[in-house]
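Architecture and fold: a report
Below are the chains, spelled out letter by letter.
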Amino acid sequence: MLQSVVQVILAGLSTGMFIWLVASGLTLIFGVLGVLNFAHGSFYMLGAYFCFTVLKYMGANFWLGLILGPLCVCVIGFIVERFFLRYVYHIALPYQLLLTFAFVLIFDNLVKIVWGAGSISPPALAALGGSVDVLGRKFPIYNILIIVVGPLVALALWGMIEKTWWGRIIRASSSDREMASAIGVRVPALFTSVFVFGTWLGALGGGLAVPYVGIMTSGMGETIIIEAFIVAVIGGLGSLKGAFVGALVIGVLTAFGTRFFPTFDMFLTFILMAGILLWRPQGLFGVAR
Amino acid sequence: MKLKSWQMALVVLSLLALVGVGLFSGRFMIYLAMRVMILAIFALGYNLLLGQTGLLSFGHGAFYAAGAYGLGFFGLHLSSHPLLGLLAAVVLAAVLALIIGFFCVRHTEIYFAMLTLAFGMMVFSLLWSAREVTGGDDGLVGIMRDPVSFFGLLEIPIGKDRQYYFLVLAVFVLSAWAVQRIRLSPLGLALSGIRENANRAEFAGLSVKNYRLAVFVISGAFAGLAGGLETLLESNARPFMAHWGHSAEPILVSLLGGLQTFAGPLAGSVIFIAMREMVQRFTENWMLWFGIVLLVIIMGFRGGVVGVFQRLIGQAGGGR
Amino acid sequence: MGDLILQIRKLTNFFGMVCTAKELDLDIEAGVLTSIIGPNGAGKSTLINLITGNLPVQSGSILFKGREISRLPIHQRVRLGICRSFQIVNIFPELTVLENLLIPTLALSGRTRRFFAKIEGEDRARDQVKNLLEKVGLAGVKDTPANVLSHGDQRLLEVGVALAVEPSLLFLDEPTAGMNPVERVKVLENIRQLSREGQTTFVLVEHDMDIVFSLSERVVVLHRGDILGDGTPEEIKNNVQVREVYLGDSV
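Residues numbered from 1 in each chain as written. Chains lettered and ligands numbered in written order. Predicted model: local features only at pLDDT ≥ 70, side-chain atom pairs only at ≥ 80, totals over all residues. Heavy atoms only, no water.

1. A short note on the overall build of chain B
Across its full length, chain B carries 14 helices and four strands. Taken over the C-alpha trace, chain B has a radius of gyration of 20 Å; the compact-globule value for 320 residues is 20 Å, and the two agree within 12%. Considered along the principal axes of its C-alpha atoms, chain B spans approximately 55 × 45 × 45 Å. In chain B, which comprises 320 residues, the proportion classed as buried is 59%. A fraction of 74% describes how many contacts in chain B between residues 6 or more apart in sequence connect residues 24 or more apart. Summed over all atoms, the accessible surface of chain B reaches about 13100 Å², with 69% contributed by carbon and sulfur. When the 21 positive and 14 negative side-chain charges of chain B are each reduced to one mean point, those points stand 13 Å apart. (Helix = DSSP H or I, 4+ residues; strand = E, 2+ residues; numbered from the N terminus. Rg over C-alpha atoms; globule rule 2.2 N^0.38 Å. Buried < 20%, exposed > 50% of the residue type's maximum accessible area, 1.4 Å probe, protein only. Contact = heavy atoms within 4.5 Å. Areas by Shrake-Rupley, 256 points an atom, 1.4 Å probe, with all protein chains shown as cover. Lys, Arg positive; Asp, Glu negative; His and termini not counted. Charge placed at Lys NZ, Arg CZ, Asp CG, Glu CD.)

Quick look at the structure:
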């Protein structure tokens, strides 16, 4: 019993870390730009596909793919923000959401065109393939790596936002946009940089997912964006701490759900989301707006 | 608001065209026209919520599904009378909308959108998981189109698509008329007031929450009606109807046509279905093209097709 | 002495550590045109927000015509007869002037629940709105969308929308801010006239001392959430304490 519980928790933690990587970018972008980005799941997906391509055609080095892949996606993120999203900040919410939704349709379809409509099985990564014994059961080293990377990213983000000049500007602009621009922050440039950085986080999650997910499909972004939405909402829209905690909760809960109530795990997640929204609309760690 | 003569002419011409399709068109055209009308009922009702009241719901697929499954269960277990089935669909959808809406209308903007998304997906996951009752991912199948009988005195068969078409047409015309009446009623005006300025609406003596709930239920009922009609058309009900991807359809359609007009969702439905058919005939890449069209509309033509059309009329008619 | 239309007892409000109402006791008499003045941050807006329901009451009680209202939602207070206008124009921007006034008028008689009637058929409401349009002087622009009106006209509409619910107690938050002199005179004359007719008791929040002293029958001075002075304009003008902290050299 204990063995399986530990196994489930470990599996849940690694799933949670992927959701966290996507949710962190989503949350950062919402916190600063005020836009809920449906296309963020597509950045995750694109990160995975670009990483896979680098892996396949450029010397089969996963780590090289993990660096180059997300960078390519950043270029796409830049285009999306600079030439489209920037022009809808001032208009009504439905248009903003639907603009990012349009990009979901476009990216999903482009992936089908470029990489084919079927699913892709990434090559086995022998170098990453080992496993360790956890209470007598095997647990892949790569999953341990993911469980370590997640908190590292969280720590780095926290340090960046609390300690650096860029972070201070981000904090200032997310609490009061007009004030920030009054004291000389170039808000448009800041928005672009935050969006591109958020994109990178999502794409990094996608890259890291390549050896983990087993199969890649053009729909992989849609599943995770809904999970990331739930996480962002549960944690409190705009709160990174909330997104981290929320991702762990959802990750572990989903793992338990899949293990013990396989039919109703999805239902439980949404009940949790709705419950938290009703009880504390600002989320666990959000501030009331 | 009195209809201008050209608007009147447009209405009459459209009706004639729809009757003409039913009488003379081929099977495929009839099928497409029914899909357009069902989508339009969904979108017209939905737009009372989005265009009129300014609330963005990502969960109306749940009410569509409630109508579909409601009609399905009713037909399989109680009575296969199509009109009673449709009534059951509407009632079930409205009740579900009342329950979900009760929780959702306290919030607005993004929180409202997320809550409706969560509730909608809850319904989806229930339909998907409760295999013994709902048929799981296969959905409910084998729903028949029995004749419409009036107390045994008169029976109108709707088994053939061409026959069923006229039932859909009748329901569509009634729905469109009803929605327009609501839009132009005192309630409709109160709803636009709530959209424009909820705080002022409170100070005008309106209980904003109750009005939001009311329009949520009304739009949910129309979604249920559309869902019921589709189930009769396709003879099945599928869990995907409750998925958020389907909930997004009336939003996209309204946007395509123009959010704050009556004709917007109608034009949007025609364009949506027609465009999908055409694009899918030539390429596999329907999503790509639709995404691009959406981009263009949001970036440059937020009035939608109807908005652009009105602007052209306005220029021709007075150069404003 | 008229009847007490509003009785406020021990009303207290904090924003964090900042106290904006300190065990406030205040009575408003029916038919007496009252002004509330005070320096910025004195708690005037908070007081109105608490009475009309924009802010939840933390402690204390508010009786309107003898009925406790401090827990009622905004719209119910409006139904009972309390309304307000806002300092910042707060109307339905994309609707026409006519529609702006129709909404409260229809809401008052419960006719906004009618979802299948035609708005053209609402004759009684239309007549009421017509009177109102004449009253506030916007009859000429009744089909203009509110957001393209001049600022002064928008302020008139603001007052008109508040009047449309036929309140027995109406708070006007700086009703003449941003108006030109002509409009200002018109609005003030309206207020004076309506106050005399006696259906509505007006409470003004104003900065302009000329208006306050020429129009009001009673002036209440707020300072840091407390009542510093209360009396006729003459009494307030001669109140030493008030002159000290507030009026200073301006009188």
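Resuming the write-up.
2. As for the pattern of salt bridges
Residues and elements named next belong to chain B. Following the criterion strictly, the structure yields 16 salt bridges over all chains and no others. The closest approach of N and O atoms between Glu-234 and Arg-35, which form a salt bridge, is 2.4 Å. Pair noted here: Glu-234 is in helix α10 (residues 208-234) and Arg-35 is in helix α2 (residues 27-52), with a separation of 199 residues, a long-range link. (Salt bridge = Lys/Arg side-chain N within 4 Å of Asp/Glu carboxyl O.)

3. Structural notes on the state of the cysteines
All names here are of chain A. All chains considered together, the criterion is met by zero disulfides over all chains. Unpaired in terms of disulfides, Cys-72 finds its nearest cysteine sulfur in Cys-74, a separation of 9.0 Å. Here Cys-72 falls in the partly exposed class, since its relative accessible area comes to 32%. Exposure remark for Cys-74: the relative accessible area of 11% places this residue in the buried category. (Disulfide = S-S within 2.5 Å.)

4. Details of the sheet that holds strand β7 (residues 169-173) of chain C
Residues and elements named next belong to chain C. Within the open sheet, the six strands sit side by side as β6-β7-β8-β3-β9-β10. Their pairing is mixed. Of all the strands in the sheet, the pair left with one neighbour each is β6 (82-85) and β10 (226-231). Neighbour to neighbour, the strand axes of the sheet diverge by 20° on average, direction disregarded. Of the strand pairs in this sheet, strand β3 (residues 34-37) and strand β9 (residues 218-223) are connected by four bridges, and their pairing is parallel. Counterpart to Ile-37 in the pairing with β9 is Val-221. (Pairing = 2+ DSSP bridges. Axes fitted to C-alpha atoms, helices over the stretch in contact; angles between N-to-C directions.)

5. Thoughts on helix α3 (residues 62-83) of chain A
Residues and elements named next belong to chain A. For α3, spanning 22 residues, the distance from its first C-alpha to its last is 32 Å, which sits close to the expected 32 Å at 1.5 Å a residue. Among the residues of α3, Phe-62, Gly-65, Leu-66, Gly-69, Pro-70, Val-73, Cys-74, Ile-76, Gly-77, Val-80 and Glu-81 are the ones counted as buried. Buried residues along α3 sit in contact with α1 (2-33), α2 (40-57), α4 (93-115), α5 (141-163) and α8 (187-213). (Expected span 1.5 Å × (residues − 1).)

6. So, the sheet that holds strand β4 (residues 59-64) of chain C
Residues and elements named next belong to chain C. Taken together, the four strands give an open sheet; going across it, the order is β2-β1-β4-β5, and neighbouring strands pair in antiparallel fashion. A strand with exactly one partner marks an edge of an open sheet, and here the two such strands are β2 (18-29) and β5 (67-68). Packed onto the sheet, helix α1 (residues 44-52) meets β1 (4-15), β2 and β4 and runs at close to 115° relative to β1.

7. Regarding the interface of chain C and chain B
The partner chain B presents 27 residues to the 37 residues of chain C that form the contact. Buried area between chain C and chain B, both sides added, is near 2700 Å², and the carbon and sulfur share of it is 63%. Viewed at the interface, chain B and chain C are joined by one salt bridge. In this structure, Glu158(C) and Arg200(B) form a salt bridge, with 2.9 Å as the shortest nitrogen-oxygen distance. Along the contact surface separating chain C from chain B lie 14 residue pairs in polar contact (both at pLDDT 80 or more). Looking at the side of chain C that touches chain B, the elements with two or more residues in it are α2 (74-80), β6, α3 (97-108) and α5 (151-164) of chain C. For the side of chain C that touches chain B, the element with the most residues is α3(C), which contributes six residues. (Buried area = accessible area lost by both parts, 1.4 Å probe. Polar contact = N/O pair within 3.5 Å; in protein donor to acceptor, adjacent residues only side chain to side chain.)

8. Topic: the interface of chain B and chain A
One frequently used descriptor of interface size is the decrease in accessible area upon assembly of the parts. Counting residues at the interface gives 37 residues for chain B and 42 residues for chain A. Taking both partners together, chain B and chain A bury about 3900 Å²; carbon and sulfur atoms supply 86% of that area. For the chain B face of the interface with chain A, the top three residues by lost area are Tyr111(B), Trp244(B) and Met287(B), together amounting to 17%. Linking chain B with chain A are zero salt bridges. The interface formed by chain B and chain A holds one residue pair in polar contact (both at pLDDT 80 or more) in total. Put simply, the parts of the chain that give the side of chain B that touches chain A at least two residues each are α5 (109-129), α11 (244-257) and α13 (286-300) of chain B. For the side of chain B that touches chain A, the element with the highest residue contribution is α5(B), accounting for 14 residues. Residue composition of the side of chain B that touches chain A, grouped by class: 29 nonpolar, five polar and three charged. (Nonpolar A, V, L, I, M, F, W, Y, C, P; charged D, E, K, R; others polar.)

9. Some words on the pairing of β1(C)
Residues in a regular strand project their side chains so that they alternate between the two faces of the sheet. Residues and elements named next belong to chain C. Note that β1 and β2 share eight bridges and pair antiparallel. Bridge pairing in β2 links Ile-8 to Leu-26. With antiparallel pairing between neighbouring strands as the criterion, β1 and β2 make up a hairpin whose turn holds two residues, including Gly-16 at a positive phi of roughly 60°. In this sheet, β4 lies alongside β1 in antiparallel orientation, the contact comprising five bridges.

10. Notes on helix α4 (residues 82-104) of chain B
For an α-helix, the turn length of 3.6 residues means that residues three or four places apart are oriented alike. Residues and elements named next belong to chain B. The end-to-end C-alpha distance of α4, which contains 23 residues, comes to 32 Å, matching closely the 33 Å that a straight helix rising 1.5 Å per residue would cover. Regarding α4, the residues found buried are Pro-82, Gly-85, Leu-86, Ala-88, Ala-89, Ala-93, Ala-94, Ala-97, Ile-100, Gly-101 and Cys-104. Against α3 (61-78), α5, β2 (148-150), α7 (161-183) and α10 lie the buried residues of α4.

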